[in-house]
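Structural description and commentary
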Amino acid sequence: MATWKTRGLRGSAFESLINSTNEYYRANNLALVQKIPTPITPLKFDSERKLITEAYFEKDSTVDYIGVVQEIPVCFDAKECKTDTFSLQNIHEHQYKFMEDFEKQGGVAFVLILFTDRNDMYYLRFRELKEYFDRVKEGHAKNFKYVELDDDYFLKASGPATVPYLEGINLDIQSR
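Not measured: the values here are computed from a predicted model.

Considering the overall build of the protein
Along the protein, the regular secondary structure elements total four helices and 11 strands. The buried share of the protein, taken over its 176 residues, is 38%. For the protein, restricting intrachain contacts to residue pairs at least 6 apart in sequence, the fraction spanning at least 24 positions comes to 65%. Roughly 10400 Å² of accessible area belongs to the protein as shown, and the carbon and sulfur atoms make up 50% of that amount.

Points about helix 4 (residues 165–174)
Every buried residue of helix 4 is listed here: Tyr 165, Leu 166, Gly 168, Ile 169 and Asp 172. Across the axial projection of helix 4, the buried residues extend over an arc of 155 degrees, all falling on one side.

Concerning the nonpolar core
General note: in soluble globular proteins, nonpolar side chains tend to be found buried as a group. Counting residues in each nonpolar core, the largest one holds 45 residues, and the members touching the most others are Met 99, Phe 110, Leu 112, Leu 129 and Tyr 165. For this core, the element with the most residues is strand 8 (residues 108–115), which contributes eight residues. When sequence neighbours within four positions are dropped, the list of residues in contact with Tyr 165 reads Thr 21, Asn 22, Tyr 25, Val 33, Phe 76, Phe 110, Leu 112, Tyr 123 and Leu 155.

Parameters and conventions
Residues numbered from 1 in each chain as written. Predicted model: local features only at pLDDT ≥ 70, side-chain atom pairs only at ≥ 80, totals over all residues. Heavy atoms only, no water. Helix = DSSP H or I, 4+ residues; strand = E, 2+ residues; numbered from the N terminus. Buried < 20%, exposed > 50% of the residue type's maximum accessible area, 1.4 Å probe, protein only. Contact = heavy atoms within 4.5 Å. Areas by Shrake-Rupley, 256 points an atom, 1.4 Å probe, with all protein chains shown as cover. Arc of directions from axis to C-beta. Core = buried A, V, L, I, M, F, W, Y, C linked by side-chain atoms within 4.5 Å.

See below:
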């Protein structure tokens, strides 16, 4: 079992924006998507701040979010990247496999990436992710660069949908 030590609230701001978007989509009957908690067993606590400071993962998680959008099953993970190079090591094998199996069952799987230094959000389609993983088998570096990404899949915050991933899903489905 993997042991986890906190590194602060890494990624929590992006997840908060996604959660807010999910609430907006649900309130407007556009989607029903929920955050999937990662099951952990706490080992150490900071009693003053009431925080878990060390824990172990009980099992491999799947993805961060799962739900349904207008009768279409969706699952996705949320990642942050400080540089213009996204390491594929940020996507764990069990997550990749879950997304692959999810798509085989007719669902839509993707990764939302926030490039924090640029403040750009990207909708990474599973088939695009697969291309990056496949090229690693051919000897390519285990990453992809910001400049390689498809301009059509960058998301722009608009109104209460601060992470408008429905736009990405729509493009994704149209391009299949």
